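# Descriptive analysis of the structure
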Amino acid sequence: MQFRYARHTNDLKRIENFYTAVLGLAKLGEFGGHDDYDGIFLGNPGSDWHLEFTQSNTPADHHPDRDDLIVFYVYSKMEMEAIKSKALQSNCTFETSVNDYWNRNGFEIKDPDGFGVIVTMKNMGLTSEDTISKNILAKGIDNWSDALHFVHHLPY
């Protein structure tokens, strides 16, 4: 099964910029004039999901509530902080989530249509007591994702 989330918007360019420049998604495709609709497909190449945003002469009529969210799980705290930095530079609106879980484990920003976007990670903490784990923990790295990133970027 493939998953597509489709949503109408009044500003396709702002939506594209937000999801590509801030969140780092790729533009997978686009179409124009298809039954009076223009649209874009955004996601990660090779994934079995993508977002579709469309625009037409019929205005979007959104009524998102505070729990209408798209959640992105990133692979490391470093990746999460990089997205947060881009969101700050882009003057995104940061929200305190209704569900406090998201506040403790990530952050919420609003996309140009006013929908909440959560950026978080599934954290697999380092729990071993071996010497290597202790040395990695001493560097302030407390999870496997960041440990893999650190080791991958060591100069060999």
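Not measured: the values here are computed from a predicted model.

Together, Met 124, Trp 144 and Leu 148 line one region of the surface with nonpolar side chains, adding up to about 360 Å² of accessible area. Residue placement: Met 124 occurs in the loop between strand S8 (116-121) and helix H4 (131-138).

What follows concerns the pattern of salt bridges. Throughout the structure, instances matching the rule amount to nine salt bridges. The salt bridge partner of Glu 108 is Lys 110, with a shortest N-O separation of 3.6 Å. Each member of the pair Glu 108 and Lys 110 is classed as buried. The network of salt bridges with shared partners includes Lys 13, Glu 16, Lys 27 and Glu 30.

A distance of 3.0 Å separates the backbone nitrogen of Ile 132 from a side-chain oxygen at the start of H4, and that oxygen is part of Asp 130. Looking one or two places after H4, you find Gly 140, whose phi comes out positive at around 85°.

Whether parallel or antiparallel, the strands of a sheet pair through hydrogen bonds between backbone atoms. With mixed pairing, the four strands of this open sheet are ordered in space as S5-S8-S7-S6. Bordering the open sheet on either side are strand S5 (69-74) and strand S6 (94-95), each of which pairs with just one other strand. Bridge analysis of strand S7 (residues 106-110) against S8 gives five bridges, and the strand direction is antiparallel. Bridge pairing links Phe 107 to Val 119 in S8.

Looking now at the nonpolar core. The biggest cluster of nonpolar side chains holds 23 residues, and the ones touching the most others in it are Phe 18, Tyr 19, Leu 23, Phe 53, Phe 72 and Ile 109. Among the elements of the structure, helix H1 (12-22), strand S3 (37-43), strand S4 (49-55), S5, helix H2 (77-89), S7 and S8 are those that each provide at least two residues to this core. Setting aside its immediate chain neighbours within four residues, Phe 18 contacts Leu 23, Cys 92, Ile 109, Lys 110, Asp 111, Pro 112 and Val 117.

Our next topic: the pairing of S5. Of the two faces of S5, only the one carrying Ile 70, Phe 72 and Val 74 is buried; Leu 69, Val 71 and Tyr 73 on the other face are not. Sheet topology note: the S5/S8 ladder contains six bridges and is parallel. Within the sheet, the bridge partner assigned to Ile 70 lies in S8 and is Val 117.

The strand order S1-S4-S3-S2 describes an open sheet built from four strands, whose pairing is mixed. The open sheet terminates on both sides in strands that have one partner only, identified here as strand S1 (3-8) and strand S2 (26-34). Pairs of neighbouring strands in the sheet enclose a mean axial angle of 20°, with direction left out of account. Note: S3 against S4, five bridges, orientation antiparallel. Bridging from a neighbouring strand, Leu 42 pairs with Leu 51 of S4. Of the strands in this sheet, S1, S2, S3 and S4 touch H1, which is tilted by about 5° from S3.

What follows covers the layout of surface pockets. Over the atoms, a rolled probe matching the size of one water molecule traces out where space is still vacant. Taken as a whole, the largest pocket spans an internal volume of roughly 450 Å³. For the largest pocket, the lining is made up of 17 residues, of which Asn 44, Tyr 73, Val 74, Tyr 75 and Glu 79 are closest to its centre. At the level of elements, S5, H2 and helix H5 (144-152) are the ones that each hand at least two residues to the lining of the largest pocket. The element contributing the most residues to the lining of the largest pocket is S5, with four residues.

Conventions we followed
Residues numbered from 1 in each chain as written. Predicted model: local features only at pLDDT ≥ 70, side-chain atom pairs only at ≥ 80, totals over all residues. Heavy atoms only, no water. Patch = residues over 30% accessible without salt bridge, like charges linked within 9 Å, V, L, I, M, F, W, Y side chains within 5 Å. Areas by Shrake-Rupley, 256 points an atom, 1.4 Å probe, with all protein chains shown as cover. Salt bridge = Lys/Arg side-chain N within 4 Å of Asp/Glu carboxyl O. Helix = DSSP H or I, 4+ residues; strand = E, 2+ residues; numbered from the N terminus. Buried < 20%, exposed > 50% of the residue type's maximum accessible area, 1.4 Å probe, protein only. Polar contact = N/O pair within 3.5 Å; in protein donor to acceptor, adjacent residues only side chain to side chain. Pairing = 2+ DSSP bridges. Core = buried A, V, L, I, M, F, W, Y, C linked by side-chain atoms within 4.5 Å. Contact = heavy atoms within 4.5 Å. Axes fitted to C-alpha atoms, helices over the stretch in contact; angles between N-to-C directions. 1 Å grid on protein atoms, 1.4 Å probe; cavity = no way out; pocket = protein on both sides within 12 Å on 5 of 7 lines; lining within 4 Å. Points joined across faces, edges and corners; volume = space filled by probe spheres on them.

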